[in-house]
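Letter by letter, the chains look like this.
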Amino acid sequence: MSKFNLAKLVNPTFDSVLFSEKSHLILKGGRGSTKSSVISIKLVNDFLNDKLSNVVVLRKVGKYLRTSVYEQIKWAIYEMKVANQFTFGSSPLKITHKKTGTAFYFYGVDDPMKLKSQKIAKGYVTHVWFEELTEFAGREDIDVVEDTFIRQELPGNKQVKVYFSYNPPRNPYEWINEWVEEKILDPAYFIHHSTYLDDKLGFLSKQMKAKIERYKENDIDYYNWMYLGEVVGLGTNVYNINTFKRLDGLPTDDKIYGISFALDTGHQQSATACGAYAITVKGKVILLDTFYYSPVGKSVKKAPSELTVMIHEFIEAVIDKYKVPVLRRTIDSAEGALRNQYYHDYSIRWNPVAKKKNQTMIDMVVSLLASGRFYYLDNENNKIFVHEHKIYRYDEDTLNTPEPKVIKEDDHCCDFMKYFCLDNSKILGLS
Ligand SMILES: Nc1ncnc2c1ncn2[C@@H]1O[C@H](COP(=O)(O)OP(=O)(O)OP(=O)(O)O)[C@@H](O)[C@H]1O
Ligand SMILES: [Mg+2]
């Protein structure tokens, strides 16, 4: 089979990966360090050198396979100019070598039973790749796969090669950070760390590098985590308040194209709060106004039918002032009463957003903040928003655990901010 010049396709920092004799290779690091590309190229290369070789590529969630790892392997095959040797199947997801019948198989680990029943048509599994390992639930997930594909005898004393790739989470106590610490001492494992600074061959676009520089200026902690791949820890404060930029008025060199509203509802003791967010042509997000009603200490508390009127008036006033379309109205999906009442009153449906893990939602907010695009108008109503974000913090007693908990007091603006980011993630380009 043909030989490729891997040196042209792979940054020099990965030479040690290409030539490692170890059976388990962990490639961790910051975003855009070309880890996934390197693994895909190496896998295609090794696959072509063994007529009976099969490769299994895994992600936690099956539905993401098609648009990520499947495309990544396909990309490597085209990059190495061997596409004519393969057929690209989509149901099931499989990239098959025409001549040998061996293949790249793609599985989601979210369905372990399905995983166990998989049959390899021809030959044996020589390589396994766990992509985005942070998504996996824990070592149990790795064990299930090892039981299925790895503990088998290969001819000629060959051993199955296992690749892992991921971006380290911030929290040192998350399973994967503890797992990799242990593996340092394991002779079967090779651990490699890379960042975008290792891209000596210049694959990353200028645009990408400029974007990274902006993060570096705005929030060094975030940069160290996201782009240097460091386990920076969480700190007590959830947000870096310096990333909330104050505005006296709307920018003159930009234009609002729409407004999104996000609502967190409360009942007996907790407040109902709604944020009005402008999204601009240049991609800025500006908190224009905040609605806040707290029932605490009030002898007669507002009924849902009164709250909907108050919220509606708030929204109408904002729209009337800025005269741009409403992009989204977002509400916590667990909230039925107010949503139904609002529909009853105004025939308008709020979009219920399915909450994610709290830390996942926080990370999404952080990624907007760290991009340096978030602003608030410095007015009376927005003060509560800034205040709540300033005091929002983790419970010290849970900080050194895999899942630190936030202190759930005066966090209503923090909650609607999360719903806003979740529901507008596409418009805002957040992942
Ligand atoms: N050999 C190559 N030729 C052309 N482009 C490349 C090559 N290797 C990497 N790239 C480009 O570099 C960018 C980053 O690569 P890649 O996605 O592999 O990085 P990563 O480290 O896996 O990133 P993340 O941490 O976000 O998963 C991609 O846009 C990819 O297309
Ligand atoms: Mg990657």
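First, a word on what this report is: a plain description of the structure on this page.

Procedures and definitions
- Throughout this document, residue positions are counted from 1 along each chain, in the order its sequence is written.
- Lettering of chains starts at A and numbering of ligands starts at 1, both following the order in which they are written.
- Owing to the predicted nature of the model, reporting of local features is limited to residues with pLDDT of at least 70; listing and counting of side-chain atom pairs is limited to 80 or more, with chain, interface and lining totals taken over all residues.
- For the purposes of this entry, the term helix denotes a DSSP run of H or I that reaches at least four residues, the term strand denotes a run of E that reaches at least two, and both are numbered from the N terminus.
- The exposure label follows from counting other C-beta atoms within 10 Å of a residue's C-beta, where the C-beta atoms are placed from the backbone and the thresholds are 20 or more for buried and 12 or fewer for exposed, leaving partly exposed in between.
- Throughout, a pair of residues is in contact if the C-beta atoms placed from their backbones lie within 7 Å.
- Nonpolar cores are identified as sets of buried Ala, Val, Leu, Ile, Met, Phe, Trp, Tyr and Cys residues joined via C-beta atoms within 7 Å.
- Between any two strands, at least two bridges found by DSSP are needed for them to pair.
- Residues are classed as near a molecule or strand if the C-beta position derived from their backbone is within 6 Å of it.
- Just so you know the grouping, Ala, Val, Leu, Ile, Met, Phe, Trp, Tyr, Cys and Pro go in nonpolar, Asp, Glu, Lys and Arg go in charged, and all remaining residues, Gly too, go in polar.
- The angle between two axes is taken between their N-to-C directions and runs from 0 to 180 degrees, where each axis is a line fitted to C-alpha atoms and a helix contributes only its stretch in contact.
- Should the near helix be turned counterclockwise from the far one by less than a right angle, the crossing is left-handed, whereas a clockwise turn marks it as right-handed.
- Here roughly perpendicular refers to angles of 65 to 115 degrees, roughly parallel to angles under 35, roughly antiparallel to angles over 145, and oblique to all remaining angles.

**A closer look at the overall build of the chain**
Check the secondary structure of the chain and you find 14 helices and 15 strands. In terms of overall dimensions, the chain has a C-alpha envelope of 80 × 45 × 45 Å along the principal axes. Residues counted as buried form 36% of the 431 residues belonging to the chain. Relative to all contacts within the chain whose residues are 6 or more apart in sequence, the contacts with residues 24 or more apart total 70%.

**As for the nonpolar core**
With 57 residues, the main nonpolar core has Leu-263, Cys-274, Tyr-277, Val-285, Ile-286, Val-365 and Phe-416 as its most contacted residues. In contact with Tyr-277, not counting residues within four places along its chain, are Ile-259, Ser-260, Val-285, Ile-286, Leu-287 and Phe-420.

**Remarks on the pairing of strand β11 (residues 272–280)**
With 8 of its 9 residues buried, β11 lies for the most part within the structure. Both strand β10 (residues 256–264) and β11 contribute to a ladder of 8 bridges, which runs antiparallel. Within β11, the residue paired with Leu-263 across the bridge is Cys-274. Sheet topology places β11 next to strand β12 (residues 285–293); 8 bridges connect them, and they run antiparallel. Bridging from a neighbouring strand, Gly-275 pairs with Thr-290 of β12. Counted along the chain from β11 to the antiparallel partner β12, the turn is 4 residues long, and its residue Gly-283 has a positive phi close to 90 degrees.

**Observations concerning the site of ligand 1**
Near ligand 1 you find Leu-9, Arg-31, Gly-32, Ser-33, Thr-34, Lys-35, Ser-36, Ser-37, Asn-167, Phe-203 and Leu-204, and these make up its full shell. Split into classes, the residues belonging to the shell around ligand 1 amount to 3 nonpolar, 6 polar and 2 charged.

**Concerning the environment of Ala-210**
Note that Ala-210 resides in helix α7 (residues 206–218). Note: C-alpha distance between Ala-210 and Leu-65 (145 residues apart in sequence) is 29 Å.

**Things to note about the packing of helix α2 (residues 35–48) against helix α3 (residues 66–79)**
Taken N-terminus to C-terminus, the directions of α2 and α3 make an angle of 65 degrees; their axes are 9 Å apart at the nearest point. For the element pair α2 and α3, the recorded crossing hand is right-handed. Between α2, through Ser-36, Ser-40, Ile-41, Leu-43 and Val-44, and α3, the contact on the second element is made entirely by Gln-72, Ile-73, Trp-75, Ala-76, Ile-77 and Glu-79. Residues belonging to the contact of α2 with α3 are distributed by class as follows: 7 nonpolar, 3 polar and 1 charged.

**Observations concerning the packing of helix α9 (residues 304–322) against helix α10 (residues 337–346)**
Running from amino to carboxyl end, α9 crosses α10 at an angle of 65 degrees, the nearest separation of the two axes being 9 Å. The angle between the axes of α9 and α10 places the two elements in the roughly perpendicular class. The way α9 lies across α10 gives a crossing that is right-handed. Residues Pro-304, Ser-305, Leu-307, Thr-308 and His-312 of α9 form the contact with α10, whose own contacting residues are Ala-337, Leu-338, Gln-341, Tyr-342, Asp-345 and Tyr-346. Taken together, the residues that form the contact of α9 with α10 break down as 6 nonpolar, 4 polar and 1 charged.

**Concerning the sheet that holds strand β5 (residues 103–108)**
Strand order in this open sheet of 8 strands is β3-β4-β5-β2-β6-β7-β1-β8, and the pairing throughout is mixed. Here the strands that pair on one side only, and so sit at the sheet edges, are β3 (86–90) and β8 (189–194). Neighbouring strand axes in the sheet, compared pairwise and without regard to direction, differ in orientation by 15 degrees on average. Pairing of strand β2 (residues 53–59) with β5, which is carried by 5 bridges, proceeds in the parallel orientation. For Arg-59, the partnering residue across the bridge sits in β5 and is Gly-108.

**Details of the environment of Ile-331**
For Ile-331, the position within the fold is in strand β13 (residues 326–332). In this structure, the C-alpha to C-alpha distance between Ile-331 and Pro-352, residues 21 residues apart in sequence, is 5.0 Å. Leaving out residues up to four positions away in the same chain, Ile-331 has contacts with Leu-263, Thr-265, Arg-339, Trp-350, Asn-351 and Pro-352.

**Looking at the sheet that holds strand β14 (residues 351–353)**
Two strands in a sheet stick together by hydrogen bonds in their backbones, pointing the same way (parallel) or opposite ways (antiparallel). With mixed pairing, the 7 strands of this open sheet are ordered in space as β9-β15-β12-β11-β10-β13-β14. Taken across any chain shown, the strands that pair with only one partner, and hence form the sheet edges, are β9 (245–247) and β14. On average, each strand axis in the sheet is inclined to that of its neighbour by 30 degrees, with strand direction left out of account.

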